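# Summary of the model geometry
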Amino acid sequence: MSTERSIGLTVNGTPWSGEVDVRTTLADLLRGELALTGTHLGCEHGVCGACTVLVEGAAARSCLMLAVQADGGEVVTVEGLADGEVLHPVQQAFWESFAFQCGFCTPGFVMSAVALLRENPDADEAEVRETLSGNVCRCSGYQTIVEGVLLAGRKVRDEGAVL
Amino acid sequence: MTDTVEEPAIGARSVGARVKRAEDPRILTGRGRYIDDVTLPGMLHAAFMRSVVPHGRLLAVDTSEALALPGVVAIYTGADIAARTTACHAGSVVGMNMMPGLASPAFHGLATDRVRFVGDPIALVVAESRSIAEDAIELIVEDYEPLDPIVSYEDALDPAKPAIFEDIGDNIAMRGEMVIGDIDAAFAKADRVIRASVHVHRHSPVPMEGRGTIASWDADADQLTIHSSTQSPHMIRMLISPQIDVPMEKIRVISGDVGGAFGLKTGLFREDVALAAASIDLGRPVKWIEDRIEHLSSAGQAREEMADMEVAVTNDGLLLAVRMDVKLNSGAYPCDPFPGAMYAGSVSGSFQGPLKIEAIAATTTAVFSNKATYVAYRGPWATADFMRERLLDIVARELDLEPIDVRRRNYAVRDEPPLTMLTGQSLDGITIHEQLEQAAEIIDWPAFRRRQATARSEGRYLGLGIAAYLESAPGPRNPETDDQAGGIMGPEHTIVSVLRDGSIDIVTQQHPHGQGHETTLAQVASDELGVPFERIHVRYGDTDITPVALVATGGSRAATMANGAVLHGARELRGKIVSVASDLLEASVDDLEIVDGTVSVRGTPGIGLPLDEIARIVEEEPERVAEGTELVVNRAFHGGRGGWSGGTHCCVVEVDVETGLVSVERYVVVEDCGVPVNPAIVEGQIRGGVTQGIGAVLLEHAAYGEDGELLSSTFMDYLLPTTTLVPNFEIHHVQSILRDPDVNFRGVGEGGMIVAPATVTNAIEDALATLGVRVRDQHLSPAKILELLGTVTG
Amino acid sequence: MLILQPPREGEPLKTPRFDYHAPETLEEALALLAEHGDEAKLLAGGQSLVPLLAMRLARPAQLVDLGKVASLDGLQIDDGHVSVGAMVRERTVERSAVVAERVPVLTEALPYIGHVAIRNRGTIGGSLAHADASAELPAVAIVTEATMVVRRASGERTVDAASFFLGHFTSALEDDECLVEIRFPSTAPGVGWAFEEVARRHGDFAIVGTAAMVALDGAGAVAGARIAQMGVGDRAVRAGEAEAALVGATPTPEVIADAAREATAGLEPASDIHGSSEFRRHLATVSVRRALTRAVERAGGTR
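Criteria and cut-off values
- Residues numbered from 1 in each chain as written.
- Chains lettered and ligands numbered in written order.
- Predicted model: local features only at pLDDT ≥ 70, side-chain atom pairs only at ≥ 80, totals over all residues.
- Helix = DSSP H or I, 4+ residues; strand = E, 2+ residues; numbered from the N terminus.
- Rg over C-alpha atoms; globule rule 2.2 N^0.38 Å.
- Buried ≥ 20, exposed ≤ 12 C-beta atoms within 10 Å, placed from the backbone.
- Contact = placed C-beta atoms within 7 Å.
- Core = buried A, V, L, I, M, F, W, Y, C linked by C-beta atoms within 7 Å.
- Pairing = 2+ DSSP bridges.
- Axes fitted to C-alpha atoms, helices over the stretch in contact; angles between N-to-C directions.
- Expected span 1.5 Å × (residues − 1).
- pLDDT = per-residue confidence, 0-100.
- Left-handed = near helix turned anticlockwise from the far one by under 90°.
- Nonpolar A, V, L, I, M, F, W, Y, C, P; charged D, E, K, R; others polar.

## Some thoughts on the overall build of chain B
Helix and strand counts for chain B come out as 20 helices and 28 strands. What you see for chain B is a C-alpha radius of gyration of 28 Å, in line with the 28 Å of a compact globule of 794 residues. Here the C-alpha coordinates of chain B stretch approximately 85 × 75 × 50 Å along the principal axes. Counting over 794 residues, chain B shows a buried share of 63%. When contacts within chain B are restricted to residue pairs at least 6 apart in sequence, long-range pairs at least 24 apart make up 80% of them.

Structural data, given as structure tokens:
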């Protein structure tokens with residue numbers, strides 16, 4: 001049986017189209033064909049959140065989506081946030097907060113945080129902890145990540161940063 | 001809350017400032033380079049077929065149907081790998097297999113005639129994609145004859161059960177004995193002897209990035225390049241060389257960003273040997289990225305230990321002596337180069353910590369079992385600290401004393417006898433009593449006891465736990481008479497040089513995997529050299545350029561050893577720079593300073609030589625400088641005068657006695673790690689370690705059934721701490737006693753993990769003690785807590 | 001969802017081969033089901049199915065993706081019901097003000113399903129059709145006495161929630177049928193509700209959970225009660241006898257505790273790594289008691 005399909009999607013604002021094996025996950029498409037290796041695979045069964053990307057603007061686990069499910073859709077990865085050398089406010093806030101250590105989980109946290117703050121830049125610590133409870137970090141003890149998200153929220157409120 | 005981040009002003013000291021990490025922009029934008037991000041031309045993909053039975057004879061492995069699958073390039077069975085490699089005796093390259101009493105079985109990268117745990121690799125499939133390799137595994141047909149599984153200590157010690165390694169003959173991995181001090185005399189003085197059996201459960205490092213290796217054989221050059229996610233690149237080439245019969249000089253190991261390791265990625269894995277053999281055979285790069293299910297079954301697990309203890313005490317709670325019978329379940333294949341069995345001895349050997357105790361006697365037995373390999377995990381001797389700090393609370397409970405008072409009574413006081421541990425190690429400079437008092441004040445011990453009583457009357461169960469530790473990271477030493485602080489790992493080497501553009505290049509033997517060495521080493525060098533932080537670059541991760549290191553980053557050694565090597569190396573380099581500038585500027589060395597990367601005569605900052613100009617002259621106009629001048633320093637550092645690292649932790653928990661769920665309300669750390677190079681990084685290490693310790697108690701269990709089946713093979717069964725499990729941490733530093741004129745940075749990587757499990761279990765027992773609960777296990781799942789409460793049966 | 005241990009020989013996390021269809025209409029989808037029978041599997045949000053594929057625990061030859069079937073993505077209010085299309089995302093329902101007003105126990109249960117990123121993709125119909133005994137939505141469906149609208153190429157039928165869940169991962173759906181809509185009856189004014197769950201960590205699969213609804217009469221006695229439990233057997237179950245015993249009683253803490261014990265007395269949940277059958281049954285008793293207590297409070301009862 002033929003298991004290739006032609007699909008088209010927009011990734012970080014750039015249209016992409018090509019043939020994919022239907023069993024390819026979105027994560028494997030991004031990391032392989034598109035060479036966007038910032039999206040990491042930490043468990044491939046939907047628990048750790050390292051592979052979180054935005055699909056139609058909402059946080060999604062790219063290991064739990066087949067690439068063909070993203071056909072016609074819009075995907076944003078961690079590579080799609082910074083403006084050249086200027087970090088995205090969440091990235092900048094994470095940097096200033098010493099949010100993470102080894103960095104493997106980081107892209108997933110960044111994407112989850114972007115999705116959360118776009119929805120509610122005023123999110124308080126409890127809401128941040130609740131929303132990020134689907135992302136696992138083994139290094140930080142979480143506090144600095146939470147502080148980074150809260151700092152990014154303040155950048156939006158106080159400095160007019162755009163998410 | 002980190003509201004402001006201090007940026008060091010030019011010329012101001014960088015050490016001690018919260019300098020933003022140099023690593024982060026790369027990682028935050030998705031440009032980190034982890035092992036799975038590496039793609040080589042012609043690269044093939046590997047998957048391992050693994051045993052589904054814990055113990056059995058492997059009668060046959062039929063690969064014929066799998067080999068016929070389109071896209072499959074090769075399949076190697078255990079026999080194929082055994083024919084291409086030399087058997088491993090774990091630790092033999094570094095001599096660890098010669099430890100007295102240690103059994104050293106021979107084994108290969110793949111199982112040959114016997115499978116020894118669920119996840120034991122049986123065959124290596126190499127294919128055009130990982131998916132195809134996994135398809136092929138389904139077509140391999142194997143035949144086992146099951147053998148009695150060896151799961152528990154009792155199984156392993158039962159002579160009627162089969163030996164896991166036939167060349168050993170029984171399941172004893174190591175036996176040892178230790179007596180220090182006059183044990184009988186100390187027991188004779190005791191008012192009471194208290195007995196307790198305390199258990200630590202199997203749990204695992206579980207970095208977010210699993211293991212991964214690309215072996216790439218270049219037949220033209222007879223050279224093997226191994227890309228790996230490791231914390232010790234040189235270790236891999238040292239250990240793999242004799243197994244694959246390729247000289248070490250012909251093996252290059254490259255490692256980029258590492259997504260966490262925690263001790264796991266210190267050595268060589270069996271899979272690496274099989275992958276190297278396959279690449280040599282095929283002449284193509286072979287990539288294996290461990291998936292999470294493989295990781296949980298096969299990467300290695302840590303910590304399964306128990307101790308039957310008898311402690312001689314006085315009625316006012318002074319511990320006089322301890323007798324321990326320690327057991328350790330080391331799993332199947334011993335870890336190369338540090339076999340897990342050796343950690344049994346550290347449970348008694350490191351038990352004393354800050355205690356004034358007079359004698360310790362121990363027997364230790366490590367056993368083989370049909371479980372995953374016992375590996376190092378952040379503070380590999382941590383069970384010793386757990387046993388001591390749990391035992392102090394057991395004594396306190398038996399004698400109806402406050403746990404903190406028992407510690408006040410038992411911890412050695414600085415500059416009072418005993419001045420050394422029973423092992424002879426100096427206790428100089430310990431600050432443990434300052435930590436205790438500061439922690440008690442922050443937590444407000446009496447106020448907590450009142451709140452606890454009130455809560456109990458409302459049916460709420462709060463508990464307060466305390467525990468402390470000393471860590472020899474590196475420990476006090478006399479540079480004239482003592483061995484180097486690096487111990488068997490040797491001194492630390494760093495190469496510091498001025499590049500043509502005037503920037504500073506540091507090549508370290510460390511291999512950071514989250515610790516931020518690109519930042520901290522540059523901070524230290526910045527202060528010494530007078531060069532801005534941004535102009536200093538730290539390189540690592542390629543054995544062609546880095547100094548040889550047995551363990552690159554591990555054992556909390558970087559703070560002292562790597563920073564010390566950089567400090568002294570940079571200082572020596574500064575001397576060279578200034579000497580050259582002195583000739584060029586015709587000024588006395590003593591009158592020169594380096595500010596913002598320019599050498600000038602003090603007081604005339606406008607006139608000077610920037611480092612790039614000095615570097616150019618040294619290279620292009622050598623006649624203008626002293627003959628043989630090179631702006632490069634290769635510096636070894638042996639540890640200086642050292643000093644203790646350590647800390648006291650307190651936490652407050654609430655236990656829901658209906659569900660057995662525990663919430664951690666407060667967690668206070670009072671830490672002594674000397675001078676922190678970057679406080680933000682120090683605090684990050686502490687929080688991360690404590691979180692792993694909390695996870696160990698409340699969530700994490702590498703569990704096996706009585707039949708040897710693995711019960712925790714996914715992230716739905718092996719539970720890691722998440723945002724809602726841990727509180728914001730309250731971290732405080734005590735004024736440290738500084739012993740060295742220059743290098744007082746002390747290791748802090750392991751401390752949180754070392755002492756958090758005791759802190760949390762002590763708090764849980766404190767919460768439930770009035771209900772009759774006595775905690776003897778480190779792992780306290782909701783089910784276990786309800787069992788202790790008598791709500792459900794065991 | 002994944003109570004089964006994966007076959008570990010390859011310890012796979014890459015999906016096996018399958019063929020894939022992305023119909024744009026329900027009719028096309030149903031025709032594909034009719035054609036392929038038990039070789040086909042519907043893909044809704046994929047949040048349960050894709051990991052099952054990755055572990056090779058599910059091995060459909062044909063995957064029929066409902067993602068492009070727009071007609072299943074509606075949320076409608078009619079007299080006495082909130083009708084949710086099978087492909088409506090869980091997050092959409094979670095944030096619906098109308099749902100919060102009319103079926104508040106559904107709103108209360110939804111945040112317990114995984115995490116935000118899961119609910120952004122996961123669908124109401126997908127979760128119900130998956131019929132996980134530990135999942136939240138089946139318990140909500142049986143406590144609200146929802147109606148499942150099921151289609152096949154040859155026609156439509158409705159199934160009461162109580163008859164829909166047949167066992168772990170087993171629903172009343174035939175191979176050629178598709179769950180297209182779930183009709184949740186609006187909760188009557190004055191009825192109290194509560195959803196309770198015990199999990200190891202926030203967002204984990206529940207160990208046990210309870211959805212409860214209670215109505216009181218003018219005198220404060222129980223006029224009607226519904227108790228649905230999850231994680232205690234091979235499917236979500238109602239506690240009929242305990243419900244009946246409550247009717248007419250004044251819901252004091254003692255009465256509620258008795259009802260909770262009654263609700264769980266006969267249960268024999270499976271043991272697993274998190275605890276024994278006895279442990280689960282104990283937690284179920286706690287969960288039911290807590291849910292009933294809050295439902296009674298919301299119904300205006302005093303404690």
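## Some words on the nonpolar core
Counting 427 residues, the largest nonpolar core has B:Leu124, B:Val125, B:Ala525, B:Ile577, C:Ala212, C:Val214 and C:Leu292 as its most contacted members. Ranked by the residues each element gives to this core, the list is headed by helix H16 (residues 558–585) of chain B, at 13 residues. Residues contacting C:Ala212, with those up to four places away along its chain left out, are C:Val143, C:Trp193, C:Ala194, C:Arg226, C:Ile227, C:Ala291, C:Leu292 and C:Ala295.

## Some remarks on the interface of chain B and chain A
Facing the 45 residues of chain B at the interface are 45 residues of chain A. For the side of chain B that touches chain A, the elements supplying multiple residues, two or more each, are helix H1 (24–28) and helix H18 (679–698) of chain B. The dominant element in the side of chain B that touches chain A, judged by the number of residues it contributes, is H18(B), at 7 residues.

## Details of the sheet that holds strand S19 (residues 492–498) of chain B
Residue and element names in this part refer to chain B. The strand order across the open sheet built from 4 strands is S21-S20-S19-S25, with neighbouring strands paired in mixed fashion. With one partner strand each, in any of the chains shown, strand S21 (536–539) and strand S25 (632–637) form the two edges of the open sheet. Sheet twist, expressed as the average angle between the axes of neighbouring strands with direction ignored, equals 20°. Here 6 bridges tie S19 to S25, and the two strands are oriented antiparallel to one another. Bridge pairing in S25 places Glu 492 opposite Phe 637.

## Thoughts on the sheet that holds strand S13 (residues 222–230) of chain C
All names here are of chain C. Reading across the sheet, the 4 strands line up as S11-S12-S13-S14 and stay open at both edges, with antiparallel pairing between neighbours. Where the open sheet ends on each side, the last strands, each with one partner, are strand S11 (192–198) and strand S14 (237–238). The pairing of S11 with strand S12 (residues 208–216) spans 7 bridges and is classified as antiparallel. If you follow Glu 196 over to S12, its bridge partner there is Thr 210.

## Side note on the environment of B:Val38
All names here are of chain B. The topology assignment puts Val 38 in the loop between H1 and strand S1 (44–50). Look at Val 38 and you get buried, because 21 C-beta atoms sit within 10 Å. Taking the C-alpha atoms as reference, Val 38 lies 26 Å from Pro 242; in sequence the two are 204 residues apart. Not counting the four nearest positions on each side in its chain, Val 38 is found in contact with Arg 33, Ile 214 and His 227.

## With respect to the interface of chain C and chain B
With 26 residues of chain C at the contact, the number on the chain B side is 37 residues. Here the side of chain C that touches chain B gets 5 residues from one element, more than from any other, and that element is helix H12 (residues 277–298) of chain C.

## Brief notes about H12(C)
Here H12(C) is 22 residues long and its end C-alpha atoms lie 31 Å apart, about the 32 Å a rise of 1.5 Å per residue gives. Among the 22 residues of H12(C), 16 are classified as buried, and the element is accordingly described as predominantly covered.

## Brief notes about the confidence of the model for chain C
The predicted model of chain C averages 94 in pLDDT, with 96% of residues at 70 or higher. Overall, residues 1–8 of chain C carries pLDDT values under 50, and its contacts beyond four positions in sequence, including any with other chains, amount to 23 contacts.

## A look at the packing of helix H15 (residues 517–529) of chain B against H16(B)
Residues and elements named next belong to chain B. Contact geometry for H15 and H16: axes closest at 8 Å, N-to-C directions at 35°. Crossing geometry of H15 relative to H16 is assigned as right-handed. In contact with His 517, Thr 520, Leu 521, Val 524, Ala 525, Glu 528 and Leu 529 of H15, H16 contributes Ala 558, Ala 562, Asn 563, Val 566, Leu 567, Ala 570, Arg 571, Leu 573 and Arg 574. Here the contact of H15 with H16 is composed, by residue class, of 10 nonpolar, 3 polar and 3 charged.

## As for unusual backbone geometry
In the segment running from B:Pro417 into B:Pro418, the intervening peptide bond is cis, with an omega of -5°. Look at the link from B:Ala473 to B:Pro474: it is a cis peptide, with omega at 10°. Mapped onto the secondary structure, B:Pro474 falls in strand S18 (residues 461–476). Phi at A:Glu44 is positive, roughly 60°, even though this residue is not glycine. Position of A:Glu44 among the secondary structure elements: in the loop between helix H1 (26–31) and strand S3 (52–55).

## Here we look at the confidence of the model for chain B
Confidence along chain B averages 95 in pLDDT terms, with 98% of residues attaining 70 or more. Low pLDDT (under 50) marks residues 1–11 of chain B, which in the prediction has 19 contacts with non-local residues, meaning those over four places away or in another chain.

## A short note on the pairing of S13(C)
The side chains of a regular strand alternate, residue by residue, between the two faces of the sheet. Residue and element names in this part refer to chain C. In terms of residue burial, S13 counts as a mostly covered element, since 7 of its 9 residues are buried. Looking at chain direction, S12 and S13 are connected through 8 bridges and run antiparallel. Bridge pairing links Thr 210 to Gln 229 in S13. Here S12 folds back onto S13, and the loop between the two strands holds 5 residues, one of which, Gly 220, carries a positive phi near 90°. Direction of pairing for S13 relative to S14: antiparallel, over a ladder of 2 bridges. In the sheet register, Gln 229 faces S14, and the bridge partner there is Val 237. What sits between the antiparallel neighbours S13 and S14 is a turn of 6 residues, in which Gly 231 has the positive phi angle 80°.

## Quick notes on helix H19 (residues 751–768) of chain B
For H19(B), with 18 residues, the first-to-last C-alpha span of 27 Å sits near the 26 Å given by 1.5 Å per residue. H19(B) sits mainly inside the fold: 18 of its 18 residues count as buried.

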